[in-house]
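# Structural overview
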Amino acid sequence: MDASTAGRPPTDAAPTPVSAAGATAHRQATLTRNGRTIGMVWQRELIRLRRTPTRIITGLAQPIIFLFIMGAGLGQLIQQDVPGGFDYQQFLFPGILSMSIITSALFSAVSIVWDREFGFMREMLVAPVSRTSIVLGKALGGGTVAVVQGLILIVAAPIVGVDLTVGRLFLLVVSLLLLAYAMTAFGMVMATRIERMESFQMVMTLVMQPMIFLSGAVFPLQNLPTWLSVITHLNPATYAVDLVRRSVLPDAPGVEIAGWEVPMWAEALLVLAIGTALLALAVRLFSKTD
Amino acid sequence: MTDAAPAPAVEVEHLVKRFGDFTAVDDVSFTVAPGELFGFLGPNGAGKTTTISMLCTLLSASAGRASVAGHDITTQRDEVRASIGLVFQELTLDDYLTADENLRFHAVMYGVPRSELAARIAPLLEMVGLTERKGQQVRFFSGGMKRRLEIARGLIHAPRVLFLDEPTIGLDPQTRAHIWDYVDELRRRESTTMFLTTHYMDEAERCDRIAIIDQGRIVAIDTPDALKAAVGADAVTFATADDARAARQLSEAFGVEVVGQNGGLVVRVPDGEGFVPSAFGVLSVGVQSVSVRRPSLDDVFIKYTGRAIRDAEAGAGDQFKMNPMVRGFRRG
């Protein structure tokens, strides 16, 4: 180093490696830095959630309104039990959990648009860390926030008459995690393409609402008119919602494709695969933005 | 490590940035020595931020090459990023994090070991006078405090070069003076190379060397004193009862060029104060006022670009207003 840097603390800014050992140490340092960055980005999302309690409240208000008001009101109109022998509110419960996860996972991606609009994104982009770490940290953070909100709603289960055993609870948490994973990734993909806050909300409404309503979250998919049945079967969210429902209501009939009931493990794999593909796409798109 | 002469902190050769048909940075070359305080002076839209963005690897260059702290900005992006600190023109803090959390976040991304975190953060907070506020969320900070925190943040990883893009934009004069105190203090203590952009003349005056940039080109580069000396002369301005006659008498007696400007006569001479008494000796018209002014960087700017920096800015003003970052920042 030249004279001007003498006496200053050494930087961790790894200099160009000169030897093989140096190269290994350099790679190690880069890995550590990226790993810690993922953790930090994740932690930041949680800190921000904790500091804006209104977000938690609004995130819970909508599903609770749907579950209790719509559930009670519409349930009274529905004379016969829904397939599987449940009353409407029981049927609706896993649907509302899914809806809550979908909404908050998709909207968690807003933080990317938000960071871009308020400049913090530049602070992250100019740092010597890979963009992949930033996206992964964001996705983890968004997923965690969504799952936490979903878990809070679980306390409503006994009120609407859904019995939760330890086994069912375990299955439920796993399916909620999968759903949150896929939806956060989907949100990330959209966030990388959308520059402004307003357009994000518009796209969300146009994409999110149809996706929720056509997924079997609020009404059973059996005995639908053909056109509607085709659309619901093409909607990937259908399989995720079905997975959540069958975790807590084992007697519920699963989605059928040409008379074949799709097994839960296949649904889980499908959601996992779609989520992974979307996350990979998000990383790619994000790395390309200038 | 093996070089005898200190390598330049920043070395730029024929750097170009085009956006479509528009050339924002047009064949720019310069070097910055280690420890130097180097300034880019120019109106908004001159290409200052674009140049900094390329040097910080946020934008890719269209042509030419540059290195920062010895690392090539195109082929060694990560090494460049690790060796620089950057204070953006717009604020880039997370308002919902505390001052301390913002600094920690930054330190983690730059690979500062966990064990050193506290030892690095404390003296920096002390230097920018924010020790008492470290646990407070940044949204409760004033614009000046935020800026100071950003300067501290840019230094946590002990960068070789600190880039400051319009560090005092939108701040009131008192806060601006404060920021400069910190910059001076920093230079004394850390001898960090600093590269700043500004469109304020008084800030450019403080630099070791400045490059005047206009419409994407460097039109002059030197120490502020040398640049002013190159303009040459003091400007002596006369307001007289009969400007035409006075102009004739002055040019006949001293052989100088007399220019009518701002309703007065301006004569450029090496020694303005010595010139005034001799001028009175030859003038037979009533003189209402005389003023002598040393050349300023404004004059330098006019000399090289043909217009004042304020006029150059008038055209670029709209762009400035459109930038939501700046708007938000000014409100704060």
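Reading the values: rules and limits
- Residues numbered from 1 in each chain as written.
- Chains lettered and ligands numbered in written order.
- Predicted model: local features only at pLDDT ≥ 70, side-chain atom pairs only at ≥ 80, totals over all residues.
- pLDDT = per-residue confidence, 0-100.
- Contact = placed C-beta atoms within 7 Å.
- Helix = DSSP H or I, 4+ residues; strand = E, 2+ residues; numbered from the N terminus.
- Axes fitted to C-alpha atoms, helices over the stretch in contact; angles between N-to-C directions.
- Parallel < 35°, antiparallel > 145°, perpendicular 65-115°, else oblique.
- Left-handed = near helix turned anticlockwise from the far one by under 90°.
- Nonpolar A, V, L, I, M, F, W, Y, C, P; charged D, E, K, R; others polar.
- Pairing = 2+ DSSP bridges.
- Buried ≥ 20, exposed ≤ 12 C-beta atoms within 10 Å, placed from the backbone.
- Domains from an automatic or database assignment.
- Expected span 1.5 Å × (residues − 1).
- Core = buried A, V, L, I, M, F, W, Y, C linked by C-beta atoms within 7 Å.

This part covers the confidence of the model for chain A. If pLDDT is low for a region, its predicted coordinates should not be looked at in detail. Scored by pLDDT, chain A has a mean of 86; 92% of the residues are at 70 or more. In the model, residues 1-17 of chain A has pLDDT below 50 throughout and makes 35 contacts with residues more than four positions away in sequence or in other chains.

With that settled, consider the environment of Thr 168 of chain B. Residue and element names in this part refer to chain B. Topologically, Thr 168 is positioned in the loop between strand E7 (161-165) and helix H6 (173-190). Along the chain, Thr 168 and Glu 203 lie 35 residues apart, while their C-alpha atoms are 9.3 Å from each other. Filtering out sequence-adjacent residues up to four positions away, Thr 168 remains in contact with Arg 176, Ile 179 and Glu 203.

A few words on the packing of helix H8 (residues 224-231) of chain B against helix H11 (residues 297-305) of chain B. Residue and element names in this part refer to chain B. Contact geometry of H8 with H11 gives a least axis separation of 9 Å together with a crossing angle of 60°. With respect to H11, the axis of H8 lies oblique. Viewed along their axes, H8 and H11 form a crossing whose handedness is left-handed. In contact with Pro 224, Leu 227, Lys 228 and Val 231 of H8, H11 contributes Leu 297, Asp 299, Val 300 and Lys 303. Taken together, the residues that form the contact of H8 with H11 break down as 5 nonpolar, no polar and 3 charged.

Our focus in this paragraph is the pairing of strand E12 (residues 258-261) of chain B. All names here are of chain B. Across 4 bridges, the pairing between E12 and strand E13 (residues 264-269) is antiparallel. Looking at E13, one finds that Gln 261 is bridged to Gly 264. Joining the antiparallel neighbours E12 and E13 is a turn of 2 residues, in which Asn 262 adopts a positive phi near 50°.

Residues and elements named next belong to chain A. Buried within helix H4 (residues 110-117) are the following residues: Ser 111, Ile 112, Val 113 and Asp 115. If you follow the buried residues of H4, they end up packed against helix H1 (20-51), helix H3 (88-108), helix H5 (120-125), helix H6 (131-153), helix H7 (166-193) and helix H8 (197-213). Gly 119, located one to two residues past H4, shows a positive phi value of around 90°.

So, on to the domain arrangement of chain B. What the domain assignment lists for chain B is domain 1 (10-228) and domain 2 (233-294). Measuring from the centre of the C-alpha atoms in domain 1 of chain B to the corresponding centre in domain 2 of chain B gives 44 Å.

Now for the sheet that holds E12 of chain B. All names here are of chain B. Taken in spatial order, the 4 strands make up an open sheet running E12-E13-E11-E14, and their pairing is antiparallel. What marks the edges here is a single partner per strand, and that holds for E12 and strand E14 (287-293). On average, adjacent strands in this sheet sit at an angle of 25° to one another, irrespective of strand direction. Pairing of strand E11 (residues 234-240) with E14 involves 6 bridges; the strand directions are antiparallel.

Below, the discussion takes up the sheet that holds strand E4 (residues 63-68) of chain B. Residue and element names in this part refer to chain B. Read from one edge to the other, the open sheet built from 4 strands follows the order E2-E1-E4-E5, with strand pairing classed as antiparallel. Here the strands that pair on one side only, and so sit at the sheet edges, are strand E2 (22-32) and strand E5 (71-72). Bridge count for strand E1 (residues 10-19) against E4 is 5 bridges, and the pairing is antiparallel. For Val 10, the partnering residue across the bridge sits in E4 and is Val 68. Contacting E1, E2 and E4, helix H1 (residues 48-55) runs over the sheet at an angle of about 115° to E1.

Residue and element names in this part refer to chain B. Summarising burial for strand E3 (residues 37-41): 5 of the 5 residues are buried, a large majority. The two faces of E3 match: Leu 37, Gly 39 and Leu 41 on one face and Phe 38 and Phe 40 on the other face are all buried. Taken together, the 5 bridges between E3 and strand E8 (residues 193-198) define a ladder with parallel strand orientation. Paired with Phe 38 across the strands is Phe 195, a residue of E8.

A separate point is helix H11 (residues 264-288) of chain A. With 25 residues, H11 of chain A extends 36 Å from end C-alpha to end C-alpha; this agrees with the ideal 36 Å at 1.5 Å per step. Where H11 of chain A is buried, its residues touch H6, H7 and helix H10 (236-248) of chain A.

With that settled, consider the nonpolar core. Where a protein is soluble and globular, its nonpolar side chains tend to be buried together. Formed by 150 residues in total, the largest nonpolar core has its most connected members in Leu 179, Ala 182, Ala 185, Met 188 and Ala 240 of chain A together with Phe 163 of chain B. With 14 residues, the single largest contributor to this core is H7 of chain A. Setting aside chain neighbours within four positions, we find Phe 163 of chain B in contact with Ile 52, Leu 55, Cys 56, Ile 84, Gly 85, Leu 86, Val 87 and Phe 195 of chain B. Of all hydrophobic cores here, the second largest spans 8 residues; its members include Val 236, Ala 246, Leu 250 and Ala 279 of chain B.

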